[in-house]
Each structure stands twice: as structure tokens, then as C-alpha cells.
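Notes for the structure review
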Amino acid sequence: MMGEKSHAFDDVKFRWCLKVSLCADQQVDGRVGPQPVVLDHTSGFEGLLFVDDDLLGVIGHSNFSSIRATTCVYKGKWAYEVLISSQGLMQIGWCTLNCRFNQEGVGDTPDSYAYDGNRVRKWNVTTTNYGKSWAAGDIVNCLIDLDEGTITFCLNGQSLGTAFTNIKMGPGIAYFPAISLSFKESVAFNFGKGYLPLQDPPTADLTKAHKLLGFIKNVLSTSIDTQEEKLLEKGCAMWKLHGEPTVLVTLAHIFNHFAPLMCKVYLVEDVLMNFLLGILEGGGSVDEHPLIQQLLDLFWLLMEDHEVNECLKQLMMSLLRAYRFSPIIPDLGFQIHYLRLTTAILRHEKSRKYLLNNVLYPLTPLRVKEAGLEELIPTTWWPTHFDKEGKDEREPKDESADERLRRRAYERGCQRLKKRIEVVEELQIQILRLLLNNKDKTTGEASRYIFLNKFRKFLQENASNRGQHPTALCPPEYMVCFLHRLITAVRCCWNEACRKSPSSLSSEDAYVPPQLFYNGKVDYFDLQRLGGLLSHLKKTLKDDLASKANILIDPAEIQAASMDDLDEDEESGAAQRPFGAAGMGSTLVRPSWLSSPTPGRANRFLSTAAVSLMMPRRPLAQPEKVKVRSLPVEQRTEEDIEGSHGNDGLLLGRPQEEPDQPMSDKSLLEITDGIVMMYNLSVHQQLGKMVVVADDVHEYAVALKDTEEKIARCPPRRADIMDELQKSQKVFAEKLNHLSRRLAWINATIYSKEKMLDVYWLLCVCIRTIEHADNTGSLFAFTPEFYLNVAMNAYSALKNYFSPANSMEELPGYEETLTHLAAILAKHFADPRIVGTDIKDSLMQALASYVCYPQSLRAVERIPEEQRVAMMRNLLAPYEQRPWAQTNWILVRLWRGCGFGYRYTRLPHLLKTKPEDANLPSLQSTCCQCFLCQAVWVLCQCEPVCCCCVHAVCPPACFSCCLFRSRSFRSVTPVCCRFIFTALRVNLCV
């Protein structure tokens, strides 16, 4: 297996890199340790690491983490190999048991030796140049000769030469395979002639499995002609399970020997996976290859359940790993092939449900490899013309013919890359649509409800571990990929349901109904609500729930939690605590209070464990009630979600203000709610991180242009300066070649037009959800905070991250959406129903940024006059724990920005504006507007408001100028005049 790497498909089996045989222990002279050889995740590591389930793959999750294998060698010749998944900082090699890695890595201690292909060096306390640079997808071979005392490394089968000689040997000295890797770097180990592999291949089992598979192929290719009494040959693709009994009996005998082998991971990958991939090699759609479905039927029929489960688990893990580590060639053929086989397997209902329950993870993004990008984008380009403020000129007038050709060739390469990626993304969407199937109920619960419960559990783990246990979190790049595919799949399912029921809500108008936030059907895992703690809201809004949503909550289920609150009050003085689990999942008993004629007793306590509906305008003593249980996520059924026979499921407790809009598939509402939560957890932060690449391209392009200008001005006699400038020019050009290809990849996978539309759809969902929840009055307090956060962050992402390649102004309904968002910010920044200081600060900051840009300021002016006046009244009111800086900022911008602080479009003491600062609110020129100024003037004619203005200490010059220009100045009240003179006096001091 130490052969030279090839790009042919058969060479990318990862037979050694991914899996390990489960053969019996075999003692070999010179080796000490258990079989199979894996990574020592119990005691042989330092730092934070992700280790795969098979204990062969590892991802670094701290500054510099180290881990070793479970087996060591003390004499003879041995080797292992590592598949590089990322090309960052890593040190791979050998270490003894005495090595203790703290901030150091393999090769930084006396008894450890390592090769670092990122910095092209070898390490043993000291470091020197060695080897070649590695890239993602390369294979590093680590060979140790304990007879001669040497260590050698190979890259893709080519020797890099002897790295170390005279290594320490003797009694008590044994060497372990070991690696140190930095944050987010990942590899996969392969513990396996002169040199012996650390693990012997299961040669006997491999031969046996291939022969048995050959027998199965022969049986599938044979039919019995009962009339002629002879055997007939036919193609395997035409075979069907419901055939001759003799064939099934023959297959059963073969499977008696074949099934146990399919529990061994190496055999599954080398034999079964390659056979299934071969079926699909002919091309065509997956539906044109029914043989895979027939084989899976055969597996479930002739193998024990535990054997099928283990076989499917190992098969799917092998496909996932092969997809992640395959080299990216121009047509992405490897990735497409693995995804097609995954799709074919998931089309089998019983297999899909098992994998959904036990194996499947969020969709894995493609990992970029520089070599693959060079083939897809052979010509690179970057901006070379900048305006006076350092910004890129989109269409420079003085662009030369060569620059124009390079730019167009680069754009064509970007388009080719985008088309290849779209094929992969479409296959991923097909996989998600299979998982969202809600019609496959023949073998138990439909796939969609299994997916929904697993998805909710996934969100809970990432929400609860954020900031505490980073190793338990899903990587952000996976979240971004998963979110976009899930949005597309959900919208496809939603539109299909709408076609069957035209009167139901379409995905274009999707929102999450407010009753999901308080009827106990959806668990939000202690996430903050706009009105504070959930336990507090249940107690203070119990009457509103009863009158507006017809919900009564059984006090018997929460009384224990309430008594705990009282005990906590006595001990610590705390008035509230999060809702406990005392009443969750308890047995529902008809309590005596249901027949009580006393409204006070019926409404004394609230709970999500037992919810009862009562018809409006009916006596409380005799309501019609439907009991609902708030179950743990994994125990919910289809009826709990979709409802039946008068049970509204997720829509239980519709408030009077909420329209009775038919919903065809209520499960899609909860998935949409989960998508919003997932964006808030990590997707937005990851979108912001990717912008750095575009900024780097700009900075290096400016540096390269500056260097070229210096070369042109350098006198011929200064050869030393010319030499240094030319070296800098080469470094900048190489970096720009790399970054421009990287930027093309990011623009195709992260910032494309389609991804922008996904984020825009999410923004619209949040806006409509907030508006519907706002209509419920006091029940708006139950809305989770993250809906407002996502609305603000999604707008920020659309405005700052996706431009200038994609303009927000081109989005459908752009101006109307801006107006709705402006209305939300204007109304809720001082909403008494919102109690969290953080979310209030965020709303105020968002409004302060909103009024700095022409398009968004016009949106604020388009909101109804009543809301404009109310916004200004709130801005002019006493602070009452509001941030004064943002309030004054907004007032200054609204008063036409003619004061002392806004005569510059950028900070005057800066010579140049950094590209990432170009869109800062403080650098925007003032926008002329009048509606809001008129609202200020109307309010300032009221004496109490003028007094509040004095308390607000607003920047004076702007307001005074506004008043002096007004024709109605003579009607200003005495208090207003005093305010003007006070403002002028403060302005003179400034």
C-alpha cells in the first residue's frame, strides 16, 4: 500500500487510510500493543482533539494538540501513512513514551522526530529544511528502521530522503506513531514490504469475501428455465428479489459465510463499497440502477439485524470519509460518485431510517485543494485600479487589453467552478429531500419525523455547549453548508405540499406562528425569551394565555418547581429561576382543579406539561379541553407534530389575532424554526469570517501595485534595493494567485447569488414571524430573542458580506423588506415587553446604523407616520437605562447631520481608509431627509418633550439649526427657547 499516488479512480480506495481490520491479535516480534492499531484517545494525547469513531481520523481543536497510537515498535523496519486532509501546520512522525507534549509538539522534544510539510522542515528539538511542501489530499509515509537507526519520510510514494540518523535505541526505547496539529487541521491514519506495516492486512478474509461476492454475482446473473430445465444467463441489473425459491436458498447459504465478514470495516470498504460503486459507473440517474435496492432488500432478508446495522454503518462512514478526503479534480468526479451511491442507499426505506437514527451527520462541505483549483482556474486576476479612497473600481476606464483578457479568463474559470459545485450541491439536496420524506410509513415512523427529532437534538447540543465545550460543537463550515441545502430542501417540500393544497401557506410567505413559542410543543432549551425567563413569563402572563390563546396550564405539574423557587428565594434572594424538569414527562392525571368553579385557582400556576384548551365566552367551570403533553424531543410522534381529530399539533393555542391560515405540513414549521436557530448559533459568524479573504486580496493588490511603482522609480545604481523590491513583488504575486483562487471558491460556495437568496428568505421569515408575534400583544414576550438577532444579522450579511458581487438592491421586494425591518427596529428598541439589556442594545445599534445609509434611511421614512412619531418620542424620552450614545447618534443623523462632528465623509486623521472600514456608519455622508425632522419639530412644540430633550443632552448645533430654519420658530414655548440657548452654550464649549 505504499505505492505511488495516482489520480485514477481505483487508486482512491483509501483502503488503508480510512479503516482498520478487525483481525485477531497476532504477536509480531518487534511490536508491542493491541490489535487493531488505533489512536490512543484515553491517555496518549494533549490538548483538544476531535477523534473519529473508528479512532483513525483526528481534527485539532486547540492551538497545538498531540496524539499518539496505541502500538509501539522497538526493533525491525516499520511504517505507517497519513492522509493529509488540510495543508496547515502539522508535525508528523515518531515519539517515545517519555515525551510529554504541553505547548510543544512531536519533534520538539529529545525523543521525538517529525516532518512538517507546511513549513518544509524536519524537527528534533532543532529544525532544518527538509522535504517538499504538502497539500490537502497528499499521503505522507513515515518509515522507521530500528536496525540501522534511521527515520525516512515519503510524500505520495516518493522518498524525501533520510531525515534522521543515529536515533536513540536500546533497552526501554520504543517508538509510537504520533502527530501534532494546530486548530482545524485534520488527517486520517493508516496503520498498514522490507518495511512491515504496523497492522497486517486481513488477507485471508479479503480473499474469502471476494470469492463469496463473486458467487453472489453469479447467482444474480443466473435464472432457471423450469420448462427447459436449464440455467440462463442474464444481467445482474435485471435481478429481482421475488424470484425462484432455489435462487433464494442458494443465496441464503452464501450469506451464512458472507454476512459475518460484512461486519469488518476493511472488508466493507474494499469489497462491498467498490462493488456498489461499480454498479453506478455506467452513468445515468440513480433510479436506473434498481439492483442496489434489491441487494439491500436481500441484506435485510438474509442477514441478522445487528449484522446489517454494522455493515450499513461502516459503509456510510466509508463513503463520508472518501468524500471528505478525495482530491478535488476539475469535474469533482470522486465527490459526485460517492454522493450518488449515498443517494442510492438512502432510497431504500428501511436502510434510510436506520442510518437516520444512528449514523448520518450534517452535510460535509467540499474541502478546497490548491492543485484542483489551479486546473479549474488556470488564470488568476485581481483588481489593479483604485479610486482616491482606495476602493476597487469595478470597470476601470484605463484597463489594458491584457488585463481585460485576464479578467475575462478568470471570470470564465469562476463560472466553470460554480457549475461543478452546483452538481454536488444538487445531489446533497436530493439526499436531504429523501430524509424529509413524510410518506414512508410502511416500516414505522416517517423519515421526516425522525429527522426532525434528530435535528432538534443536534441544535440542543450545539446551543448548550456553545462557549463551554467547543469539542462538542459542529464545525461552523459544516453548519453553513447544511443550512443552505436544508433551506432549499425545505422550500421544495413546502412548495410540493402547496401544490396539493393550493389554499395553504406558500414558502414565499413562510413564517413561524407565535403559538409555537408558548404552547410547549417545541423545546427551546432555556434560550432567552424577549420577556425574560420562561418560568417568569408563565407565572406573570397566565391570564393572557387563558384569554388570548385559550390555554390553561395544569398547576399540579409546576407546583413542585414553584416551591423550589420559593426555597431559592429564601436562600439567595433570587426571585426567578429557569423552569425545572420536575413537571416534564410526568404521568397525566385529571386534577381536581379542572372542575373547580374558582378562576383564581385555575389560573394560579402555569406549566407546559399539561395544556388545556377552552372555548371563548364559556364558563370556566365547563370548558371543552384537549390535553396535550410536552414530551422530550425523542419521544414525540407524528400526531404530536401534525395533529389529528381536532388536535392542532404544533399550532395548538392559536391566538385570536393570528389568522387561521391552513398549514399542510406543520413539521416544516419546526424545521424552519430550527434553521433560524442554526443561523444564529454559528452560520452568521462564519459568513463574516470568509469576508477576510476579499479584504486580503485588496490589501495585497494595493501592496503589489505600490511595489511595482517603486520598482519603476528605483534608480539603476541601487541594485540592492531593486533586488529586494523584486523579491517582494514575487511574494505578493504568488500570494495573490493563491488568494484569487481561494476567493473564487468562496464566492461560488458561500457568497453566490443563490446563497444570498437563501439568507434573504431567512430574513423575510424572521420579519413575518416577529410581526405576527407582535400582533399577539403581551404574548410577544414569549418570542425567543434569536429571531430579532437573526433579522438584524441577516440584513447585515446581505448588505456587507455578499456585495459587491451581488447587490441587495436586486433582491425581489427589497424596498418593502427594508421598510418592514425599519418598522420593527423603530417600534421595538423601546418596547417595554423586551427586558433583555443585550437585545435592547442590539436593536438600538441596528437602528443607529440603519439611519446612516440612504436606502435604509428612506425605509425609516416610509414607515407609517404614527410609528415615526412614536419612534421620535421614544428617542427624545429620558434614557431609563437606554444607551445614550446610540440615542444621540440617531438624533444627530436625523437632524440632517449639520453639527460639528459630521463634516467629513471619513475620519480626517486617517490617510487611507481600510477596505473593511469603507462601509462603517461613521464614514457615511449625511442623508438629506425631512419627514423625521418634521416629526421632531412637532414633538418639540410640546413642553414636556422639550424638557426630556434637555435631559437627553443631544448634540446641540444640529437641533438649534433645525429650529432656527423653521418658519414656526415664533411659536416655540418658553421651555423650548431655554433648551435652544442651553444647546448653543454647550455647542460653543465644544
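Residues numbered from 1 in each chain as written. Predicted model: local features only at pLDDT ≥ 70, side-chain atom pairs only at ≥ 80, totals over all residues. Heavy atoms only, no water.

With an unreviewed UniProt entry as reference, the chain is termed Ring finger protein 123, source organism Oryzias sinensis.

Okay, the overall build of the chain next. In terms of regular secondary structure, the chain is built from 29 helices and 22 strands. Total accessible area computed for the chain in this model is approximately 44,300 Å², and 52% of it derives from carbon and sulfur atoms. (Helix = DSSP H or I, 4+ residues; strand = E, 2+ residues; numbered from the N terminus. Areas by Shrake-Rupley, 256 points an atom, 1.4 Å probe, with all protein chains shown as cover.)

All right, on to the pairing of strand S7 (residues 77–84) then. Most of S7 is tucked away, with seven of its eight residues classed as buried. Direction of pairing for S7 relative to strand S12 (residues 139–145): antiparallel, over a ladder of seven bridges. Looking at the pairing, Val-82 lines up with Val-140 of S12. Where S7 meets strand S16 (residues 186–190), four bridges bridge the pair, whose relative direction is antiparallel. Its bridge partner being in S16, Ile-84 is matched across the sheet by Val-187. (Buried < 20%, exposed > 50% of the residue type's maximum accessible area, 1.4 Å probe, protein only. Pairing = 2+ DSSP bridges.)

Moving on, we come to the packing of aromatic side chains. How two aromatic rings sit relative to each other is given by the distance of their centres and the angle of their planes. Counting across every chain of the model gives 24 aromatic pairs. Aromatic side chains Phe-458 and Phe-482 sit 6.2 Å apart centroid to centroid with 80° between the ring planes, which places their arrangement in the edge-to-face category. With a gap of 24 residues between them, Phe-458 in helix H10 (residues 447–465) and Phe-482 in helix H11 (residues 476–500) connect regions that are remote in the sequence. Judged by its relative accessible area of 5%, Phe-482 falls in the buried class. Judged by centre distance (5.4 Å) and plane angle (85°), the rings of Tyr-751 and Phe-802 are edge-to-face. Taken together, the residues Tyr-751 in the loop between helix H18 (719–749) and helix H19 (753–774) and Phe-802 in the loop between helix H20 (785–800) and helix H21 (814–828) connect sequence positions 51 residues apart. An aromatic cluster is defined as three or more aromatic residues linked by ring pairs; in this entry it consists of Tyr-80, Trp-94, Phe-189 and Phe-191. The ring of Phe-164 has Lys-122 lying over it, and the distance from NZ or CZ to the ring centre is 5.6 Å. Taking NZ or CZ as reference, Arg-456 lies 5.3 Å from the ring centre of Tyr-524, over its face. (Phe/Tyr/Trp six-rings, centres within 6.5 Å; stacked < 30°, edge-to-face > 60°. Lys NZ or Arg CZ within 6 Å of the ring centre and 35° of its normal.)

Per the stated rule, a full pass over the model turns up 23 salt bridges. Note that Asp-440 and Arg-352 form a salt bridge whose closest N and O atoms lie 2.6 Å from each other. Pair noted here: Asp-440 is in the loop between helix H9 (401–435) and H10 and Arg-352 is in helix H7 (residues 349–358), with a separation of 88 residues, a long-range link. Classification of Arg-352 by relative accessible area gives buried; the value is 3%. Ionic pairing is found between Asp-673 and Arg-456, a salt bridge with its closest N-O pair at 2.7 Å. (Salt bridge = Lys/Arg side-chain N within 4 Å of Asp/Glu carboxyl O.)

Attention now goes to unusual backbone geometry. Each neighbour pair has its own omega, and for Gln-35 with Pro-36 the value is 5°, a cis peptide bond. Here Pro-36 lies in the loop between strand S1 (31–32) and strand S2 (45–46). For Val-120, which is not glycine, the phi torsion reads 55° and is therefore positive. Position of Val-120 among the secondary structure elements: in the loop between strand S9 (112–116) and strand S10 (121–124). Take Val-120: its relative accessible area is 24%, and that puts it in the partly exposed class. Phi at Phe-525 takes a positive value of approximately 50°, unusual for a residue other than glycine. You can see Phe-525 is positioned in the loop between H11 and helix H12 (534–540). For Phe-525, a relative accessible area of 12% puts it in the buried group.

A few words on the nonpolar core. Core analysis: the largest hydrophobic core is formed by 199 residues, its most contacted members being Phe-451, Leu-486, Ile-671, Met-678 and Tyr-679. Residue contacts for Phe-451: discarding those within four places in its chain leaves Leu-356, Leu-432, Leu-435, Leu-436, Phe-482, Leu-486 and Ile-671. In terms of nonpolar packing, the next biggest core, distinct from the first, is built from 38 residues, Ile-67, Trp-94, Cys-142 and Phe-191 among them. (Core = buried A, V, L, I, M, F, W, Y, C linked by side-chain atoms within 4.5 Å. Contact = heavy atoms within 4.5 Å.)

What follows is about the state of the cysteines. What the rule picks out here adds up to zero disulfides. Not engaged in a disulfide, the cysteine Cys-99 finds its nearest cysteine sulfur in Cys-95; these two sulfurs lie 4.7 Å apart. (Disulfide = S-S within 2.5 Å.)

This part takes up the confidence of the model for the chain. The share of residues in the chain with pLDDT of 70 or more is 72%, and the mean pLDDT across the chain is 76. Ranking the helices and strands of the chain by mean pLDDT puts H19 first, with 95, and helix H15 (residues 599–602) last, with 31. Predicted confidence for residues 1–26 stays below pLDDT 50, and this span has 92 contacts to residues more than four positions away or in other chains. Confidence drops under a pLDDT of 50 for residues 950–990, and excluding neighbours within four residues, the segment shows 58 contacts in the predicted structure. (pLDDT = per-residue confidence, 0-100.)

Next up on the list: the pairing of S10. Here three bridges tie S9 to S10, and the two strands are oriented antiparallel to one another. Bridge assignment links Ala-114 to a residue of S10, and that residue is Trp-123. Connecting the antiparallel pair S9 and S10 is a turn made up of four residues, with Val-120 showing a positive phi of about 55°. Where S10 folds back on strand S11 (residues 126–129), the antiparallel hairpin that results is connected by one residue, among which Val-125 adopts a positive phi of roughly 70°.

A word on the sheet that holds S10. If you trace the seven strands from one edge of the open sheet to the other, you get S2-S5-S15-S8-S9-S10-S11, paired in antiparallel fashion. If you trace the sheet from one side to the other, it starts and ends with S2 and S11, each paired once. With four bridges joining them, S10 and S11 adopt antiparallel strand pairing. Looking at the pairing, Lys-122 lines up with Thr-128 of S11.

For the rest of this paragraph, the subject is the packing of H9 against H11. Two elements in contact, H9 and H11, have axes separated by 9 Å at closest approach and are oriented at 60°. In terms of orientation, H9 and H11 fall into the oblique class. Crossing of H9 against H11: the hand is right-handed. Facing Glu-425, Gln-428, Ile-429, Leu-432 and Arg-433 of H9, the residues of H11 in contact are Cys-481, Phe-482, Arg-485, Leu-486, Thr-488, Ala-489, Cys-492 and Glu-496. When grouped by side-chain class, the residues that make up the contact of H9 with H11 number seven nonpolar, two polar and four charged. (Axes fitted to C-alpha atoms, helices over the stretch in contact; angles between N-to-C directions. Parallel < 35°, antiparallel > 145°, perpendicular 65-115°, else oblique. Left-handed = near helix turned anticlockwise from the far one by under 90°. Nonpolar A, V, L, I, M, F, W, Y, C, P; charged D, E, K, R; others polar.)

The terminal C-alpha atoms of H11, which comprises 25 residues, lie 36 Å apart, in line with the 36 Å expected from a rise of 1.5 Å per residue. Most of H11 is tucked away, with 18 of its 25 residues classed as buried. (Expected span 1.5 Å × (residues − 1).)

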